[in-house]
Amino acid sequence: MPILAYILMFISIALIAYGFTVRGGGIKAVPGYKPDPNVEVREEDLVKFASKNLVLIGIVDLIIAAALILIGDDVLVFAATILFTLFIFVAIRYASKVLVIPK
């Protein structure tokens, strides 16, 4: 029974839904974003970046979950996929430092 594939499939569907929630929710829904009063951030670009990346990583995880169902459970592939997903969350968190409007 490919239980890891099903877990990854649920995670990917949740990521896609969360990406659409970020798109609709605005800057307050971006994961890991902490507003800094001294820095002005291009909020619409940050929301667009976060929502696109969350939906994209959800689709990629869904494809990997389908592949895991076909080839059987592989713990190494599952762990690598989860680590890559966490890397995308870290990238979204630090994207606010890059999307700064210079004064």
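See the structure above.
One structure accompanies this document, and this report is about it. Residue numbers here run from 1 along each chain, matching the order of that chain's written sequence. In keeping with the predicted nature of the model, local features appear solely for residues at pLDDT of at least 70, side-chain atom pairs appear and are counted solely at 80 or more, and the whole-chain, interface and lining totals rest on all residues. For the side-chain quantities, the full set of heavy atoms in the structure was used; hydrogens and water were omitted.

Here we take up the nonpolar core. Note on terminology: a nonpolar core comprises buried Ala, Val, Leu, Ile, Met, Phe, Trp, Tyr and Cys residues joined through side-chain atoms within 4.5 Å. We call a residue buried when its accessible area falls under 20% of the maximum for its residue type, exposed when it is over 50%, and partly exposed in between, using a 1.4 Å probe and counting protein chains only. The biggest cluster of nonpolar side chains holds 16 residues, and the ones touching the most others in it are V22, I27, V30, Y33, L46 and I92. Contributions of two or more residues to this core are made by α1 (3–25), α2 (43–71) and α3 (75–98). Ranked by residues supplied to this core, first place goes to α2 with five residues. Excluding its chain neighbours within four sequence positions, the residues that come into contact with L46 are I27, V30, Y33, V41, I92, A95, S96 and L99. In this structure, L4, L8, A65 and L68 belong to the second largest nonpolar core, which totals six residues. Comment: elements are numbered from the N terminus, with helices defined as DSSP H or I runs of at least four residues and strands as E runs of at least two. Contacts between residues were defined by any pair of non-hydrogen atoms, one from each residue, lying within 4.5 Å.

Attention now goes to the packing of aromatic side chains. Only Phe, Tyr and Trp rings are paired, with Trp represented by its six-membered ring, and only when their centres lie within 6.5 Å; those with planes under 30 degrees apart are stacked, over 60 edge-to-face, the remainder tilted. By the definition in use, this model includes one aromatic pair. Geometrically, the ring pair formed by F84 and F87 is stacked, given 6.4 Å between the ring centres and 25° between the ring planes. Linking F84 with F87, this pair stays in helix α3, spanning three residues, or about one helical turn. With relative accessibility at 41%, the residue F84 sits in the partly exposed group.

Summarising the element assignment, V22 is placed in helix α1. On the accessibility criterion, V22 (0% relative accessible area) is buried. C-alpha separation for the pair V22 and I57, spaced 35 residues apart in sequence, amounts to 14 Å. Not counting residues up to four positions away in its chain, the partners in contact with V22 are A29, V30, P31, V47, A50, S51 and L54.

Considered as a void within the structure, the largest pocket measures approximately 180 Å³ in volume. The way it works is a 1 Å grid over only the protein atoms, where trapped points that fit a 1.4 Å probe form a cavity and open points with protein on both sides within 12 Å along at least five of seven lines form a pocket, and then any residue with an atom within 4 Å of a point lines it. Residue lining of the largest pocket: eleven residues in total, with Y33, K34, D36, S96 and K97 positioned closest to the centre. Grouping the amino acids of the lining of the largest pocket by side-chain chemistry returns five nonpolar, two polar and four charged. Grid points are joined across faces, edges and corners, and a volume is the space filled by probe spheres set on the points. Each residue gets one of three labels, nonpolar for Ala, Val, Leu, Ile, Met, Phe, Trp, Tyr, Cys and Pro, charged for Asp, Glu, Lys and Arg, and polar for the others, Gly among them.

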